Each structure stands twice: as C-alpha cells, then as structure tokens.
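Inside the fold
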Amino acid sequence: MNIRLDKFLADMSVGTRTEVKKIIKAGRIQVNNKVVRDSSIKINTENDQVLFDNTPVLYIEYEYYMLNKPAGIITAVSDLKESTVLNLISSVRKDLFPVGRLDRDTVGLLLITNNGELAHRLLSPKKHVDKKYYVELDASLTQEMCQKLREGVSIEKNVITAPAKLEILDAPDCKRVVLTIQEGRFHQVKRMFLAVERKVVFLKRMEFGPLKLDENLKYGEYRRLNEKELKLLEEYIKDTDMEELCTRELCTREL
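Just so we're clear, the structure is a prediction, and the values are computed from it rather than from any experiment.

A word on the packing of aromatic side chains
Counted by the stated rule, this structure contains 3 aromatic pairs. Taken together, a centroid distance of 5.3 Å and an interplanar angle of 20° make the contact between phenylalanine 8 and tyrosine 59 stacked. Taken together, the positions of phenylalanine 8 in helix H1 (residues 5-11) and tyrosine 59 in the loop between strand E6 (55-56) and strand E7 (64-69) put the pair 51 residues apart, joining distant regions of the chain. Just as phenylalanine 8 is buried, tyrosine 59 falls in that class too. With a centroid separation of 5.7 Å and 75° between ring planes, the pair formed by tyrosine 65 and tyrosine 222 is classed as edge-to-face.

Structure below.
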C-alpha cells in the first residue's frame, strides 16, 4: 500500500501529523537508508524501510482492541460534550472506531478497530453474528414470556425480532438470564424484555461473534486482541462468508 510519509508515521504513533512533520524536517527519518525531509512523499508499506532515529518503524495497517465498556460512557467516535469510548483508548490514530454500539448504561465487550471491512461484515444482518448478553430484570419471567422471547417479539409496529436463545441462570426466580441475538436494532435487548412487560436493570455484553470478554479487564480497561483472537475472527468471517454464499446459491437454484 502506498501512503504519505507523515501519515505513515502518525498512524504508527511516532507523533501527531504536526509533530511528525517537524521530525521529518529535522532529518530524523530515513527511507531506504536515505534521509528524507519531504513529509509528502509516498512510501510503499510493504517494500520500503523507514527508520526513526535509526530505529525501524514497522507498519501495522489495522489495530484491534477489546474494551470492557463501563457505564456512563457513550459509544461514539467523538462528542463535544461527553466522554466517549475512544477517550479510553490511548492511541494517536485518528481512524479508530467502535464496531457497533452499546447503550450508555450497558457495559461489557466492545471491539475497537480501524478495519472498516471487518466491521461491516460483523454488523451485517446477513452474517447472523451472535451477540450474547447477561441480563438482570426487575421481575421474574414466566414460561410464556420465555417462549415469546425465543420465538421473537414485536418491538415496534411491523418489527418482530428474530428467534433468540434464552438461558435462565436463577430458576425458579427467573430474573437473571443470558440472551443471545443475531440482530442489532436500537435498544433491542431492552425493548425485547419490555415487550413481555419486564424491565432490564443491568445489561452486559459477554460475547460478540467469536470474541469473549476478558474477565480480567476491569471496567474501562482494554487490551489489544491476541493472535488467537485475531485468528478466530479471521476464521469466523470466512465461515460466515461461505454460509452466505451457500444460502445465496441455494436460493438461486430454488428460483
């Protein structure tokens, strides 16, 4: 990939765009063993060698972070008045964003990345990506309510949710459950329980696709995805792509 030298250095956390321009002008950057003072030159991230004060700068195109989102923080890239999930991530990269959203008072697993294609695939309704939540309710669920949630409930006019998986954690009280859905409608989990006259008093996302929340992360803490998690993501996307392709081919043959 060809990219401007100043953007390359800024993306790799050498400094802000303003700072790296000064570093380049000072002659502290070498490209292929030659000092470069022009911040606008294009470099090839795969073939060119870049040194900062004689130390190699390796290009990482994508970054992936697992955040244990705390309550009271909004899921957004930026906001003029309130703190956002990106304020919790220590990075000079300007292209990071949260994959999907969690409500202000919802906590738990949130993926932060700059890989737009991956985000699109994970959020696409066609991919049927599982999202697992731990839920605490204000009152007990009845068997009838549980069956409705599993079959799909009406959360607004002409909108019925897809079938969900529901696991009761505290029978016979039935006030603590694990809900797994494959959609991502606005306030969907809360609205599903409101549809059966129950209110969510605590909501935590535990899993998103193949990713499981690292319980060692305290609220507000984050870490980079490890190699195992990155491989799981890669394999998961391939599997969902193949499933969608097979479904599309089956529908074509039936037509």
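Further notes follow.
With respect to the nonpolar core
Counting residues in each nonpolar core, the largest one holds 32 residues, and the members touching the most others are Ile112, Val135, Leu141, Leu179 and Phe193. Only E7, strand E9 (107-113), strand E10 (131-137), helix H4 (143-151), strand E14 (176-181), helix H5 (188-194) and strand E15 (200-208) provide two or more residues apiece to this core. Excluding residues that lie within four positions of it along the chain, leucine 179 makes contacts with Lys131, Lys132, Tyr133, Val135, Ala164, Lys165, Leu166, Val189, Met192 and Phe193. Within the second largest apolar cluster, 17 residues are counted, among which are Ala119, Leu122, Phe208 and Leu213.

Concerning the pairing of E9
Judged by how many residues are buried, E9 sits mostly within the fold: 7 of 7 residues are covered. Bridge count for E9 against E15 is 2 bridges, and the pairing is parallel. If you follow valine 107 over to E15, its bridge partner there is lysine 204.

Some points on the side chain of threonine 45
Looking at the secondary structure, you find threonine 45 in the loop between strand E4 (42-44) and strand E5 (50-52). Setting aside residues no more than four positions away along its own chain, threonine 45 makes contact with Met1, Ile3, Phe8 and Tyr59.

Quick look at the pairing of E7
Taken residue by residue, a regular strand's side chains alternate between the two faces of the sheet. Counting buried residues along E7, 6 of its 6 residues qualify, which places the element largely inside the surrounding structure. Burial along E7 is two-sided: the face carrying Tyr64, Met66 and Asn68 and the face carrying Tyr65, Leu67 and Lys69 are both buried. Taken together, the 3 bridges between E7 and strand E17 (residues 222-224) define a ladder with antiparallel strand orientation. Bridged to tyrosine 65 within E17 is arginine 224.

Some thoughts on the layout of surface pockets
The space that makes up the largest pocket amounts to roughly 370 Å³. At the level of elements, E10, H5 and E15 are the ones that each hand at least two residues to the lining of the largest pocket. When residues of the lining of the largest pocket are assigned to their parent elements, the largest contribution, 3 residues, is made by H5. Here the residues of the lining of the largest pocket sort into 9 nonpolar, 7 polar and 7 charged.

Focus on the pattern of salt bridges
When the charged atoms of two side chains lie near each other, side chains of opposite charge can form a pair. Following the criterion strictly, the structure yields 18 salt bridges and no others. In this structure, the salt-bridge partner of aspartate 6 is arginine 17, at a minimum N-O distance of 3.6 Å. Here the residue aspartate 6 occupies a position in helix H1, and arginine 17 occupies one in helix H2 (residues 17-25), the gap between them amounting to 11 residues. Take aspartate 6: its relative accessible area is 0%, and that puts it in the buried class. By relative accessible area, arginine 17 is classed as partly exposed at 36%.

Details of the sheet that holds E5
Strand order across the open sheet formed by 4 strands is E3-E2-E5-E6, with antiparallel pairing between neighbours. For this open sheet the edge positions go to strand E3 (34-35) and E6, each flanked by a neighbour on one side alone. Inspection of the sheet shows strand E2 (residues 29-31) paired to E3 by 2 bridges, in the antiparallel sense. For glutamine 30, the partnering residue across the bridge sits in E3 and is valine 35.

Some details on helix H3 (residues 116-123)
Looking at H3, one finds that the buried residues are Leu118, Ala119 and Leu122. For H3, the angular spread of the buried residues around the axis is 100°, confining them to a single face. Between the side-chain oxygen of the N-cap and the backbone nitrogen of glutamate 117 there are 3.3 Å, and the N-cap of H3 in question is asparagine 115.

Concerning H4
Of all the residues in H4, the buried ones are Met145, Cys146 and Leu149. Down the axis of H4, the buried side of the element spans an arc of 100°, and every buried residue falls inside it. Every exposed residue of H4 that faces more than 90 degrees away from the buried side is listed here: Gln143, Glu144 and Glu151. In this structure, the buried residues of H4 make contact with strand E13 (165-168) and H5. Phi turns positive one or two residues past the end of H4, at glycine 152, with a value near 115°.

Conventions we followed
- Residues numbered from 1 in each chain as written.
- Predicted model: local features only at pLDDT ≥ 70, side-chain atom pairs only at ≥ 80, totals over all residues.
- Heavy atoms only, no water.
- Phe/Tyr/Trp six-rings, centres within 6.5 Å; stacked < 30°, edge-to-face > 60°.
- Helix = DSSP H or I, 4+ residues; strand = E, 2+ residues; numbered from the N terminus.
- Buried < 20%, exposed > 50% of the residue type's maximum accessible area, 1.4 Å probe, protein only.
- Core = buried A, V, L, I, M, F, W, Y, C linked by side-chain atoms within 4.5 Å.
- Contact = heavy atoms within 4.5 Å.
- Pairing = 2+ DSSP bridges.
- 1 Å grid on protein atoms, 1.4 Å probe; cavity = no way out; pocket = protein on both sides within 12 Å on 5 of 7 lines; lining within 4 Å.
- Points joined across faces, edges and corners; volume = space filled by probe spheres on them.
- Nonpolar A, V, L, I, M, F, W, Y, C, P; charged D, E, K, R; others polar.
- Salt bridge = Lys/Arg side-chain N within 4 Å of Asp/Glu carboxyl O.
- Arc of directions from axis to C-beta.
- Polar contact = N/O pair within 3.5 Å; in protein donor to acceptor, adjacent residues only side chain to side chain.

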